[in-house]
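This is what each chain is made of:
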Amino acid sequence: MVIANRALRDDLMKTERYTILLILMALSLFSVTAAGQNQRVLAQAERTTGDRFSVTAKTPRGANVIAVKRPSSEVLRAIDKGLTDLFAVARRNRYRNRLNYADYTIYVGKADRTNDADGNYSPAIAIGSAQYAGTVFDKGGYMYVAGMVLSNEPCAFLVPDHVKNFKLLSDYVRYEGEHLVLYHNDRRRYAATADHSRGGSHPILQ
Ligand SMILES: [Zn+2]
């Protein structure tokens, strides 16, 4: 009886060890995959902007930031504000997925221009025109963007660095985030609003 119990106990312990081993293997596979995805997004950010993103940070509310230079506390707070506004309007639309700050990685790129044609402060990043070639956005092989989704999965987008008017940055964050919230909550609406070369702009969610 005692022996049988011990055998049973040993069996259970073996099963437990096996389970733990499986969980550990799954976790390491997951982190390798996540690291690979993040590498892919980083490479795309650098290819798109021609900049090197070498600084990582977190906003006070836990969003991930990757930047060309150390982001100011105003920039970090503005990112949080943009995400807060995004999550609020997403909830009003009954969307539930990806409403956590940690779900998002924001790439803060170098502003290749600081003012628009009218002289107003409006930081933007120059990127290759791609699908916008020949449209009003095209400035001859490149165009200025105030934001750009880099990856739907994981959720990552690009915005230009700001030194003032941080409300503008919050809006840019909210606007790019709209595409990601729609991708993860309403694929039809996402598809209908993703490409601005066919018209449409922000805010999408009311
Ligand atoms: Zn957009």
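Residues numbered from 1 in each chain as written. Predicted model: local features only at pLDDT ≥ 70, side-chain atom pairs only at ≥ 80, totals over all residues.

K.L.:
Can you explain helix α3 (residues 166–185)? Please cite residues and give values.
P.N.:
Residues spaced three or four apart along an α-helix point in a common direction, a consequence of the helix completing one turn every 3.6 residues. Spanning 20 residues, α3 covers 28 Å between terminal C-alpha atoms, matching the ideal 28 Å at 1.5 Å per step. At G177, α3 shows its largest bend, some 25°. (Helix = DSSP H or I, 4+ residues; strand = E, 2+ residues; numbered from the N terminus. Expected span 1.5 Å × (residues − 1). Bend = angle between axes of the 7 residues up to and from the residue.)

K.L.:
Break down the sheet that holds strand β5 (residues 121–128) for me, citing the residues and quoting the values.
P.N.:
Remark on secondary structure: sheet strands pair via backbone hydrogen bonds, oriented parallel or antiparallel. One open sheet holds the three strands; their spatial order is β4-β5-β6, and the pairing between them is antiparallel. Each edge of the open sheet carries a strand with a single partner, namely β4 (113–115) and β6 (142–145). Across this sheet, the average inter-strand angle for adjacent strands is 35°, counted without regard to direction. In this sheet, β5 lies alongside β4 in antiparallel orientation, the contact comprising two bridges. When the bridges of β5 are listed, N115 appears paired with Y121. (Pairing = 2+ DSSP bridges. Axes fitted to C-alpha atoms, helices over the stretch in contact; angles between N-to-C directions.)

K.L.:
Lay out the nonpolar core with the relevant residues and their values.
P.N.:
Residues I79, I106, Y107 and F157 are the most contacted members of the largest nonpolar core, which totals 39 residues. Of all the secondary-structure elements, those providing two or more residues to this core are α1 (2–49), β2 (64–67), α2 (73–92), β3 (104–109), β5, β7 (148–151), β8 (155–160) and α3. Not counting chain neighbours up to four residues away, the residues in contact with Y107 comprise A45, F53, I66, L150, A156, F157 and L158. (Core = buried A, V, L, I, M, F, W, Y, C linked by C-beta atoms within 7 Å. Buried ≥ 20, exposed ≤ 12 C-beta atoms within 10 Å, placed from the backbone. Contact = placed C-beta atoms within 7 Å.)

K.L.:
Before we move on, could you go through unusual backbone geometry and cite the residues and values that matter?
P.N.:
Here the residue pair E153 and P154 is connected by a cis peptide bond, since its omega of 0° sits within 30 degrees of zero. One can find P154 in the loop between β7 and β8. Here the bond from H202 into P203 is cis, since omega is -5°, no more than 30 degrees from zero. One can find P203 in the segment after α4 (187–193). In this model, R98 sits at a positive phi of 60°, which is unusual for a non-glycine residue. Secondary-structure assignment places R98 in the loop between α2 and β3. Despite not being glycine, N165 has its phi angle at roughly 45°, a positive value. With respect to the secondary-structure elements, N165 resides in the loop between β8 and α3.

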